[in-house]
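# Coordinate inspection notes
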Amino acid sequence: MVTSRKRRNLRQFQNNFFAHNDAAGRAVRNETNDTPQETRQEQQRKHISFEAATTGRLAVSSLYYTVPHSPAKRRFGEPESQDVHDLPTDDFDFSSLNDVDEDIGSGKRKRTAGDDPLHLWNSDADLFLLEFIRLEGRGDLAQTACFCGEADPIYQCQDCHGAELVCLSCALHIHERQPLHRIECWNGTSFQTTTLKALGVRFQLGHPIGVQCINPIPTFNDDFIIIDYNGVHEVGLDFCGCESAQPHITQLLRVRLFPATTLDPKSAATFRALEYFQMLSFESKDRYASLLRMIREWRFVMQMKRCGQGHHPGGIQATEAGACAVLCPACPHPSRNLPVGWENSPPEFQFLYAMFLAIDANFRLVRRNVSSDAVDPGLNRGYAFFVEETAYKDFLASHYRVGNPQEKSTCSSHSAVNLADTRASRGLAATGAGTVDCARHNFKRPCSVGDLQKGERYINMDYLFFSSMRSSQDIHVLNISYDIACQWNKNLWSRMSTFPHQYHIDHDHKVVTFFVPKFHLPAHVASCQTKFSFNFIKGVGRTDGEAPERGWADINPIATSTRAMGPGSRRDTLDDHFNDWNWKKVCTMGTTLLRKYKAAIPEVEERASDLKEFEAALDPDQLTTWRKEIEMWESDHSLTNPFEVKARTTVTQAAVRLALSKAEAEEIEHGVHISLDDDISPSVLISSGMELEDQQRRVELEARTIGQHATDAQKIKILQHINALRRRISTWSRVQLLYMPYVSCLCSPDDIASEDKVHKIQLFLPSSLPSSFPCDNRLLRYEWDLRQAQANDALDDLRAVINMTYHLYKYKNAFVRGQRANTRAQGIIHSAESRINAISAKYTAARDALIMLASKLGKNDDWQRILKPLDRAKDAVPLNHDEGKTVGQQNISWIWKTPGVSNNQEEGLQDSLRVEWCKARARAHRWEEEVQLLREEMRRVLSFFEWQARWWDAQGSRRQFSSPAFTEGAVAYAHRQAMLRRRMSAWFRSLWDAVPSWSAKPPAD
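Residues numbered from 1 in each chain as written. Predicted model: local features only at pLDDT ≥ 70, side-chain atom pairs only at ≥ 80, totals over all residues. Heavy atoms only, no water.

### Observations regarding unusual backbone geometry
- Within the chain, Arg256 stands out as a residue other than glycine whose phi angle is a positive 65°.
- Positionally, Arg256 belongs in the loop between α8 (248-254) and β10 (257-259).
- Classification of Arg256 by relative accessible area gives partly exposed; the value is 39%.
- In this structure, Ser371 takes a positive phi of about 60° despite not being glycine.
- Relative to the helices and strands, Ser371 resides in the loop between β13 (367-368) and α11 (389-402).
- In this structure Ser371 comes out as partly exposed when scored by relative accessible area, which is 40%. (Helix = DSSP H or I, 4+ residues; strand = E, 2+ residues; numbered from the N terminus. Buried < 20%, exposed > 50% of the residue type's maximum accessible area, 1.4 Å probe, protein only.)

### Some details on the state of the cysteines
- On inspection of all chains with the given rule, the structure shows zero disulfides.
- Take Cys160: it sits in no disulfide, and the sulfur closest to it among the cysteines is that of Cys157, at 3.4 Å.
- When its relative accessible area of 25% is taken as the criterion, Cys160 is described as partly exposed.
- The cysteine Cys438 is free of any disulfide, with Cys331 supplying the nearest cysteine sulfur at 3.2 Å.
- For Cys438, a relative accessible area of 1% gives the class buried. (Disulfide = S-S within 2.5 Å.)

### A short note on the sheet that holds strand β4 (residues 183-186)
- Taken together, three strands build an open sheet; the order of strands is β3-β4-β5 and the sheet is antiparallel. Two strands bound the open sheet, and with one partner strand each, they are β3 (155-157) and β5 (191-194). On average, each strand axis in the sheet is tilted by 35° relative to the strand beside it, whichever way the strands run.
- Examined bridge by bridge, β4 and β5 share four bridges and lie antiparallel to one another. When the sheet's bridge partners are listed, Cys185 is paired in β5 with Gln192. (Pairing = 2+ DSSP bridges. Axes fitted to C-alpha atoms, helices over the stretch in contact; angles between N-to-C directions.)

### Topic: a nonpolar patch on the surface
- A surface patch of nonpolar side chains, about 440 Å² in accessible area, is lined by Tyr288, Leu291, Leu292, Met294 and Ile295.
- Inspection of the secondary structure assignment puts Leu292 in helix α10 (residues 288-306).
- Since its relative accessible area comes to 37%, Leu292 is described here as partly exposed. (Patch = residues over 30% accessible without salt bridge, like charges linked within 9 Å, V, L, I, M, F, W, Y side chains within 5 Å. Areas by Shrake-Rupley, 256 points an atom, 1.4 Å probe, with all protein chains shown as cover. Salt bridge = Lys/Arg side-chain N within 4 Å of Asp/Glu carboxyl O.)

### Points about the packing of helix α17 (residues 547-555) against helix α19 (residues 567-587)
- Packing of α17 against α19 leaves a shortest axis separation of 11 Å and a crossing angle of 120°. Comparing the axis directions of α17 and α19 gives the class oblique. Both α17 and α19 take part in a crossing whose hand is right-handed. Residue-level contacts link Arg550, Gly551, Asp554 and Ile555 of α17 to Leu574, His577, Phe578 and Trp581 of α19.
- Taken together, the residues of the contact of α17 with α19 break down into four nonpolar, two polar and two charged. (Parallel < 35°, antiparallel > 145°, perpendicular 65-115°, else oblique. Left-handed = near helix turned anticlockwise from the far one by under 90°. Contact = heavy atoms within 4.5 Å. Nonpolar A, V, L, I, M, F, W, Y, C, P; charged D, E, K, R; others polar.)

Functional significance is not addressed by these values, which are geometric in nature.
Take a look at the structure:
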């Protein structure tokens, strides 16, 4: 059986070998053709070759040759190929195949060093890095004269073959026909990038090269952009303006430039760039794996070069954890950008040197269960943003063996907490990635990213947090933002005890505050919304804690590519993208901080003015008490939170009716009761009249709702309501005459019966009587109390219905799908909106009555500060109705604040005043802190650039090289990096100096 299998495998091998060998021989003997031939007896094979033509373009040629079908794939009925199949095999010695029996049978073979080229290259990575550094200098081409004999050969082309230095005239002459090459200029210590346009090269269209047009037409603003395979170039391009000139589009096409638009083009792409892109999309798959491997190696070498490891005596092997990450220059870095003695600054200035961290997880950065760390270990070993994988997984494995359960949420039902161990992970090696970011500047932090194996488990996020903090151990103040911070922080320090000692934080000697990001905060319970709010806790400015969400928006588009990668390839790729993200943030930080600073200055003045006006209306002694309470809470958050409401803010109608009934009972007991009817007392008369008014408004709304095309059933129902209400009004009017006899001069019972529309019948309550008509003051006081309660009840109902309507809209947008469901949901919302209109009308009627009663009773205007005029569109809005503004900028509708005057000692009103004053004070203080933080961050950016420049200056001579060419390259690269930081510092300073209120000096103690 074994011998038969060996013979069969060997026969197949012989057939394939001789068949392909014969085809290759015929291809060499030119027995081929350039077009495919139709044949059933032989297979067509295509051979494509690429050659560089004399024009510089890629020439593609295809040849077709035929090979016989292999015996295993011949068609039914075809004879076997005797010249191959009947080769003698009886005398073949099969003993040599005993050692590879399984390999031949299964198609597998033993792995060799060549099967792991990345590991093989890694041993020579230092050689690549040194050569990259050497290329930063002039190398062996540091000649004193150009080949033309002129001196000062300081220009070098990155695209011409060779790296010779030439003089200016030679550079211009050589590149007359190559205006898209990249030029560098040697400034004595390093190469500085320049352009052929800056050297005077012009791209003239419509004429042969070297011929100047007599009427050249430069492009608009002289900034024409050309995309070539070697980059994006800004060139000096002139169109031909002669009488015989062709249209601009034609002139571009005739020099093989493809315009981006047909109308006044300002950019174009070369034909060779487009052709090259198309060719790669078709044919690059043959060497795709090799290309990806070379890209990874290139990224790694460039990363090591940019972080200075090429200047380190120990080379790549001496790379420390996180050393390759681009750092945030605005964050506090002791001994780099903090002033001398910052750790001893007064407590009121300590917040300026705080570290702001934001923690989050991204479940789009999944990785399929392909490859392994053994096959694809990656080149970065914790050098940038991802934590070192081996230590990370070993720690997680030891934790899982112990079997510590995940704590459940006691706040809202947070899926991140309760479902951390149940997230679907079938077919996935990583369900996402966790990260720790700079919360104020949106930078990825070094050694702060790691894969998640299930959901957002505490053990994963703890490891990333403690790993991130290893680079910031000296910071005294930590502000930590996490969307589940209310749960995560509870046992954080006890969980820290299970970590290795190097991950521990001396939290007893630090000020650590936990926050929930502003966008996520409304999903928490009410107590969390005040305890973990960025808006209420001092020392955080206008930080929102949502930095990771902005970073995910940038990285999510590549998730579709990284999810199918091996573990090492994915980590290296994401590290490279995170570094690119951070570097872009560094380059734009000058304009970003300037924009924030300009926006904060007017906000400080506006919020301070609002607070001052508010405090002017409050009692000074009471204000002192409130200020003392909130300052004590800011020092110790275990005390009662002043931002929480302690008492009810209004009195209900039911409570007023109960109080009036008790008062009438006392009057009866003392024999001073004035009731003229055995069943209806004066307070009941007024209360019943107000109820009748409310029913009149309801009947009017009901009649308006059914419209003109009502059904008979609807007409019967509304008519029954009208008749019942008319009878009640008639009965009430007869009792009214006992307490208010002058009303008989204004109306009669016949008027009630003759009025067609019942909602237009006037009831003539004390508030609606003309001022010339007398009325018992007790009735006026009864209606005053009841109207105030009615207005407060209306506001309570209004707030409840508005809040319900807001959630109805949210629910509809999130969950309702389909026309039928949407129609029903819209009907419910319409009913809620109608209810809001009715309550608004009720409140307005109560307030109008209070205005009339106030003049009759001689009341002052203090009550109008509580019960303000209601604008349905402007005031009857949800609590978080932002109108496009942030919490620190928006003005909450007065219906949610119920402000009043300080001399009113009603408990609910005073509690409402206290909370609103605390919020107004917090808004003003947060904007003041924001300005101070921005000033300090701008100063830190400049200090960090200065420190980086000095650091790069020292790197040039740090390592001893065996060749002067390597030494010159190292010095040149260090000088270039130092000059880059100094230029950025000068540019940022020039931007910020334009703002008079900005100063680069640290705050005075």
